[in-house]
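# Working through the structure, step by step
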2 protein chains.
Amino acid sequence: MIRTAVATDVPVIHAMIRELAEYEKALHEAKATEEQLREALFGENPALFGLIAEDDATGEPVGFALWFRNFSTWRGTHGIYLEDLYVRPESRGGGHGKALLLELARIAVERGYSRVEWSVLDWNQPSIDFYKSIGAVSMDEWTVYRLTDEALASAGRR
Amino acid sequence: MIRTAVATDVPVIHAMIRELAEYEKALHEAKATEEQLREALFGENPALFGLIAEDDATGEPVGFALWFRNFSTWRGTHGIYLEDLYVRPESRGGGHGKALLLELARIAVERGYSRVEWSVLDWNQPSIDFYKSIGAVSMDEWTVYRLTDEALASAGRR
C-alpha cells in the first residue's frame, strides 16, 4: 500500500503537487518542474525523499509524502520533516494519509531518528484532531520566520 | 569573521550547544554528544552544516549556526533551515548574530535556494523586531506538530 518513490513516479508526484496547490487555490505558485523534482529526489546524494500510496485494487498512485532530514541539537540525531502529504480526493477516507504518516514513523524508529515533524494550518481542525490522536504535540510557542524573494536577495548582498 | 565549521570545531560547537541549553534552563535535555555532532557534520554525505563566528581580535569562536536543507515543493528548490544560532554572552551586540544570518542568506542566493527559515519563541520580541527589520515574514497561520519519544515509538510499531 505504501512504497518508496522511484524515478518513474516523478510525473505523478509533479501532478499531485499541482493538484494540492490547486486545492489550496495557489496553482500559480506551484512553479516546480518535473526536472527539479527529479534532480532533488533522484540526483546525486539526494536531500529529499518520497513515499507513494497505492490503491490496493489497481496499484495506481493515489497519494504521496515528501520529506527531508532535520536535526535536533539537543538529541544529536536527525529527524524527519514531512514537507507535503497528499491523498487524491477520490481516495480519501481509506487510511492512505495515516498509512503514509505511520510509515514515516516506522522509518524514523528504524534509523534512530528522534522526531517526525510537519506543519499544519491553524484552522485545519480535523487534521489537528487526527495528529493529536496519534500523540503528536503542537509546538505552540514557536513561529517560523522566512526570508525569501527580494528580502533574501537583499540580505544575501550585504 | 564568519567561516565554515571544520572538524576541529566540534568540541566548541558542543560546548556552545550546552551553553545555549543552560541559558534556556534545559541543560538536562542537551544530550547530544561530540561523537554525534562529528558524524552529522563531517561523516559521509553530511545533512547538517555549520558556520563559526570568530572574534575579530583573537580569532576565538564566539558563536555558531547549524543548518540543514529543507525543500519547497512549490518552488522546486532547496532552502536553508537554521536550526540553532548562538553568540556567547560576552560577545553579544557586536553583530555576530546578524553576520551569521546574512552569511546564510548569501549561501542561499549563491546556490539558488529560495528560502532561509528558522523558528523563534513567540515572546522573544527583540529577535522578532530584528528579523522583521531584515524583511523576514512570520508564518503565523502555521503550527509545527511533533511526534517524538513514546508516541513516535508507538506510531512506528503500528
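Residues numbered from 1 in each chain as written. Chains lettered and ligands numbered in written order. Predicted model: local features only at pLDDT ≥ 70, side-chain atom pairs only at ≥ 80, totals over all residues. Heavy atoms only, no water.

All right, on to the overall build of chain A then. Check the secondary structure of chain A and you find five helices and seven strands. In chain A, the succession of α and β elements from N to C terminus is β-α-α-β-β-β-α-β-α-β-β-α. In terms of C-alpha radius of gyration, chain A reaches 17 Å, essentially the compact-globule figure of 15 Å for 158 residues. The dimensions of chain A, computed from C-alpha atoms along their principal axes, are 55 × 35 × 35 Å. A fraction of 52% describes how many contacts in chain A between residues 6 or more apart in sequence connect residues 24 or more apart. If you sum the accessible surface of chain A, you get close to 7500 Å²; carbon and sulfur atoms cover 50% of it. Put simply, chain A has 17 plus and 25 minus side-chain charges, and the middle of one group is 4 Å from the middle of the other. (Helix = DSSP H or I, 4+ residues; strand = E, 2+ residues; numbered from the N terminus. Rg over C-alpha atoms; globule rule 2.2 N^0.38 Å. Contact = heavy atoms within 4.5 Å. Areas by Shrake-Rupley, 256 points an atom, 1.4 Å probe, with all protein chains shown as cover. Lys, Arg positive; Asp, Glu negative; His and termini not counted. Charge placed at Lys NZ, Arg CZ, Asp CG, Glu CD.)

Right, let's talk about the interface of chain A and chain B for a bit. When the parts of a complex come together, some accessible area is lost, and that lost area is often taken as the interface size. At the interface, 70 residues of chain A touch 70 residues of chain B. The interface formed by chain A and chain B includes four salt bridges. Between Arg146 of chain B and Glu117 of chain A there is a salt bridge whose closest N-O contact spans 2.5 Å. Where chain A packs against chain B, one counts 29 residue pairs in polar contact (both at pLDDT 80 or more). When the residues that make up the side of chain A that touches chain B are grouped by side-chain class, the tally is 37 nonpolar, 15 polar and 18 charged. (Salt bridge = Lys/Arg side-chain N within 4 Å of Asp/Glu carboxyl O. Polar contact = N/O pair within 3.5 Å; in protein donor to acceptor, adjacent residues only side chain to side chain. Nonpolar A, V, L, I, M, F, W, Y, C, P; charged D, E, K, R; others polar.)

Moving on, we get to the relation of the copies chain A and chain B. The pair of chain copies shares a relation made of a rotation about an axis and a shift along it. After a rotation of 180° and a shift along the axis of 0.0 Å, chain A superposes on chain B with an RMSD of 0.0 Å. Such a combination of turn and shift is consistent with a two-fold rotation axis. An overlap of 100% is found between the interface residues of chain A and their copies at the interface of chain B, pointing to a shared contact surface. (Least-squares fit on C-alpha atoms with pLDDT ≥ 70 in both.)

Of all the positions in helix H5 (residues 149–157) of chain B, only Ala151, Leu152, Ala155 and Gly156 of chain B are classed as buried. The arc that holds the buried residues of H5 of chain B, viewed along the axis, is 130°, so those residues lie on one side. Facing away from the buried side of H5 of chain B by more than 90 degrees, the exposed set consists of Glu150 and Arg157 of chain B. Considering only its buried residues, H5 of chain B is in contact with helix H3 (96–111) and strand E5 (115–121) of chain A together with strand E7 (142–148) of chain B. (Buried < 20%, exposed > 50% of the residue type's maximum accessible area, 1.4 Å probe, protein only. Arc of directions from axis to C-beta.)

Here the focus is the environment of Thr33 of chain A. Positionally, Thr33 of chain A belongs in the loop between helix H1 (10–23) and helix H2 (34–42). Placed 18 residues apart in sequence, Thr33 of chain A and Ala15 of chain A show a C-alpha to C-alpha distance of 10.0 Å.

Another aspect to go through is empty space enclosed by the protein. Within the structure shown, the criterion is met by one cavity of 30 Å³ or more. Each pocket or cavity is described by its volume, and for the largest cavity that value is around 40 Å³. Ala47, Phe68 and Arg69 of chain A together with Ala47, Phe68 and Arg69 of chain B together form the lining of the largest cavity. The set of elements that each furnish at least two residues to the lining of the largest cavity consists of strand E3 (61–72) of chain A together with strand E3 (61–72) of chain B. For the lining of the largest cavity, the class distribution of residues is four nonpolar, no polar and two charged. (1 Å grid on protein atoms, 1.4 Å probe; cavity = no way out; pocket = protein on both sides within 12 Å on 5 of 7 lines; lining within 4 Å. Points joined across faces, edges and corners; volume = space filled by probe spheres on them.)

It is worth spelling out the packing of helix H5 (residues 149–157) of chain A against helix H3 (residues 96–111) of chain B at this point. At a minimum axis distance of 7 Å, the contact between H5 of chain A and H3 of chain B shows a crossing angle of 110°. As summarised for this structure, H5 of chain A and H3 of chain B are arranged roughly perpendicular, according to the angle between their axes. Note on packing geometry: the crossing formed by H5 of chain A with H3 of chain B is left-handed. Touching Leu152, Ala153, Ala155 and Gly156 of chain A of H5 of chain A are Leu102, Ala105, Arg106, Ala108 and Val109 of chain B, all from H3 of chain B. Class assignment for the residues of the contact of H5 of chain A with H3 of chain B results in seven nonpolar, one polar and one charged. (Axes fitted to C-alpha atoms, helices over the stretch in contact; angles between N-to-C directions. Parallel < 35°, antiparallel > 145°, perpendicular 65-115°, else oblique. Left-handed = near helix turned anticlockwise from the far one by under 90°.)

What follows concerns the confidence of the model for chain A. Low pLDDT marks stretches whose predicted atomic positions should not be read closely. With 100% of its residues at a pLDDT of at least 70, chain A reaches an overall mean of 96. Across the interface, the model reports ipTM at 0.96; the global pTM reads 0.96. (pLDDT = per-residue confidence, 0-100.)

On to a negative patch on the surface, then. Taken together, the side chains of Asp122, Asp140 and Glu141 of chain A together with Asp122, Asp140 and Glu141 of chain B define an acidic patch exposed on the protein surface. You can see Asp122 of chain B is positioned in the loop between strand E5 (115–121) and helix H4 (125–133). (Patch = residues over 30% accessible without salt bridge, like charges linked within 9 Å, V, L, I, M, F, W, Y side chains within 5 Å.)

Taken in spatial order, the seven strands line up as E1(A)-E2(A)-E3(A)-E4(A)-E5(A)-E7(B)-E6(A) in an open sheet, and their pairing is mixed. Here the strands that pair on one side only, and so sit at the sheet edges, are strand E1 (2–4) and strand E6 (137–138) of chain A. With 10 bridges connecting them, E3 of chain A and strand E4 (residues 77–87) of chain A associate as antiparallel partners. Residue pairing across strands places Phe68 of chain A opposite Tyr81 of chain A, the latter belonging to E4 of chain A. (Pairing = 2+ DSSP bridges.)

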